[in-house]
Amino acid sequence: MASIEPFHVVELMERARALEQQGRNIIHMEVGEPDFGTPAPVIQAATQALQRQSLGYTSALGTAALREAISNFYQTRFRANVPPERIIVTSGASAALLIALSLLVSPEDEVLLTDPGYPCNRHFVSLLNGTPICMPLDHTTAYQPTSDHVVKYWSEKTRALLLATPSNPTGTCISPETLNLIAEAVKQRRGNLVVDEIYNVLTYDLPASTILSYRQDAFVINSFSKYWGMTGWRLGWLVVPMGYERDAEKLAQNLFISPPTLAQHAAIACFHEDTLEEMEMRRLEFQKRRDLLIDGLSSLGFGINAKPSGAFYVYANVSGMTQDSYTFSLETLEKTGVAMTPGLDFGAHAPDQHVRFAYTTHYSQIEQALERLFSHLRS
Ligand SMILES: Cc1ncc(COP(=O)(O)O)c(C=O)c1O
């Protein structure tokens, strides 16, 4: 437990909540949770399921109907042939990550992770008595690894590389060409690649993509939380390479018995045409917010050295203003009511110089946040 850290941003959120209780207006840009809410057809499907279904446990792998729907989505959206047998429905991407890493990591195995990266990953590895190796990444590779990093950091103990594209906290993507080179380098070393694609449909300057269009040997993580705005429904999925289906099933049975049943019935509606149209509108709205935020922050002196082309985050360098992003975030919250996440949660590589903004709040709120930051920084 000593190696498991808390989410540092929680402290900031608590302060934000306390300020709100005192009547202050807080603009929340610290949480990676879309503000659009659950799509109406999903709520409708859930309401019908509540009336008609028994809602007992399902298969540990998820309902046949949902696994089929996910498989169809890969086919229609990405021309990727992913049979339902390789899809395991999980309690969010979190459970998918835990199952994938449990399949791969034995005590003392090393797992290569990105720094900055999603905070829970290194804790999952520690929990399995593996060793997280956090590769320091900077703007020169858009905070993403390349096959050179695999060469540099792979050791005899390394078992896997886990990355996310688009990434949290940076919003940056890896091109299919580079990802393929990474996958080749991992394969040459008899390792496994885990790709977290939780934001893969939320891209702006590039087409959405999945590694499953061109490789079948990666473990792929995804979720209904972000693109479909269903964080609280706790539903995601894992795609395993052929040969891992049975082991994944055994783990899913033992760890979770089954993913949430009501959420599974509801999520079928995620793939209906009207829902996908609504999601496309949301994606365009995210893009507008991103453009506003990038322009605004850049003109205020925040360094945005690698353009975020996906997810809903901007990872900004604040070294021109402070050498302590944590205190900077707390002070900015106190003075302006704008809440952002300090770099500390995302790793040990230059966290003091970075903060993350999530544009999961309304366009007009982002405009207001920029105005407040402008007045504060000028003074
Ligand atoms: C990169 C990444 N992976 C996984 C998760 C966990 O998502 P879920 O809500 O599906 O468990 C998150 C949540 O923020 C994330 O950013």
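The preceding data block contains the structure.
Just so we're clear, the structure is a prediction, and the values are computed from it rather than from any experiment.

Undergrad: Give me the layout of surface pockets: which residues, what numbers.
TA: Approximately 540 Å³ is the volume found for the largest pocket. Together, 30 residues line the largest pocket, and F7, G32, Y118, N168 and K226 are the ones closest to its centre. Where the lining of the largest pocket is concerned, the elements lending two or more residues are α1 (9–21) and α4 (92–104). Sorting elements by how many residues they give to the lining of the largest pocket places α4 first, with four residues. Tallied by class, the residues present in the lining of the largest pocket amount to 15 nonpolar, eight polar and seven charged. In this structure, the second largest pocket occupies an estimated 270 Å³ of space.

Undergrad: A description of the site of the ligand should follow, citing residues and the corresponding values.
TA: Lining the immediate surroundings of the ligand are G92, A93, S94, Y118, N168, D196, I198, Y199, S223, S225, K226 and R234. Relative to its free-state accessible area of 400 Å², the ligand is covered by the protein chains to the extent of 92%. A molecule is said to occupy a pocket when more than half its atoms come within 2 Å of that pocket's grid points, and by this definition the ligand occupies the largest pocket. The element best represented in the shell around the ligand is α4, accounting for three residues.

Undergrad: An account of the packing of aromatic side chains is needed here, citing residue identities and associated values.
TA: Considering all chains together, one arrives at 20 aromatic pairs under this definition. Measuring from centroid to centroid gives 6.2 Å for F286 and Y359, while their planes differ by 70°, and the two rings are edge-to-face. On the criterion of sequence distance, the pair formed by F286 in helix α10 (residues 273–300) and Y359 in the loop between β12 (354–358) and α12 (363–378) is long-range, its members being 73 residues apart. Accessibility classification places F286 together with Y359 in one group, the buried group. Ring centres of F312 and Y313 lie 5.1 Å apart, and the angle between their planes is 65°; on these two criteria the pair is classed as edge-to-face. Classification of F312 by relative accessible area gives buried; the value is 0%. According to the relative accessible area criterion, Y313 is buried, its value standing at 1%.

Undergrad: Pulling in residues and values, what's your account of the pairing of strand β7 (residues 219–223)?
TA: A large share of β7 lies buried, amounting to five of its five residues. Burial along β7 is two-sided: the face carrying F219, I221 and S223 and the face carrying V220 and N222 are both buried. With three bridges connecting them, strand β6 (residues 192–196) and β7 associate as parallel partners. In the sheet register, V195 faces β7, and the bridge partner there is V220. Two elements, β7 and strand β8 (residues 236–239), share four bridges in a ladder whose sense is antiparallel. What sits directly across from I221, in β8, is L238.

Reading the values: the criteria
- Here, residues in each chain are numbered from 1, in the same order as that chain's written sequence.
- A pLDDT threshold of at least 70 governs which residues receive local features in this predicted model, and a stricter bar of 80 or more applies before side-chain atom pairs are shown or counted, although totals over entire chains, interfaces and linings include all residues.
- Hydrogens and water molecules were not included; the side-chain quantities draw on all heavy atoms of the structure.
- As defined here, a cavity is a set of points on a 1 Å grid over the protein atoms alone where a 1.4 Å probe fits but cannot get out. A pocket is an open set with protein on both sides within 12 Å along at least five of seven lines, and residues line them when an atom is within 4 Å of a point.
- Grid points are joined across faces, edges and corners, and a volume is the space filled by probe spheres set on the points.
- The numbering of helices and of strands both runs from the N terminus, where a helix is a DSSP run of H or I of at least 4 residues and a strand a run of E of at least 2.
- Basically, the charged four are Asp, Glu, Lys and Arg, the nonpolar ten are Ala, Val, Leu, Ile, Met, Phe, Trp, Tyr, Cys and Pro, and anything else, Gly included, counts as polar.
- Near is defined per residue: the residue qualifies when any heavy atom it owns lies within 4 Å of the molecule or strand.
- For the accessible areas, the method is Shrake-Rupley and the probe is 1.4 Å, while residue cover comes only from the protein chains on display.
- Here the criterion for a molecule occupying a pocket or cavity is that more than half of its atoms lie within 2 Å of the pocket grid points.
- Aromatic pairs are defined between Phe, Tyr and Trp rings, using the six-membered ring for Trp, whenever the two ring centres lie within 6.5 Å; interplanar angles under 30 degrees are classed as stacked, those over 60 as edge-to-face, and all others as tilted.
- Classification of residues uses two cut-offs on accessible area relative to the type maximum, computed with a 1.4 Å probe and protein chains only: under 20% is buried, over 50% is exposed, and between them is partly exposed.
- DSSP-based pairing: two strands are paired if at least 2 bridges between them are found.

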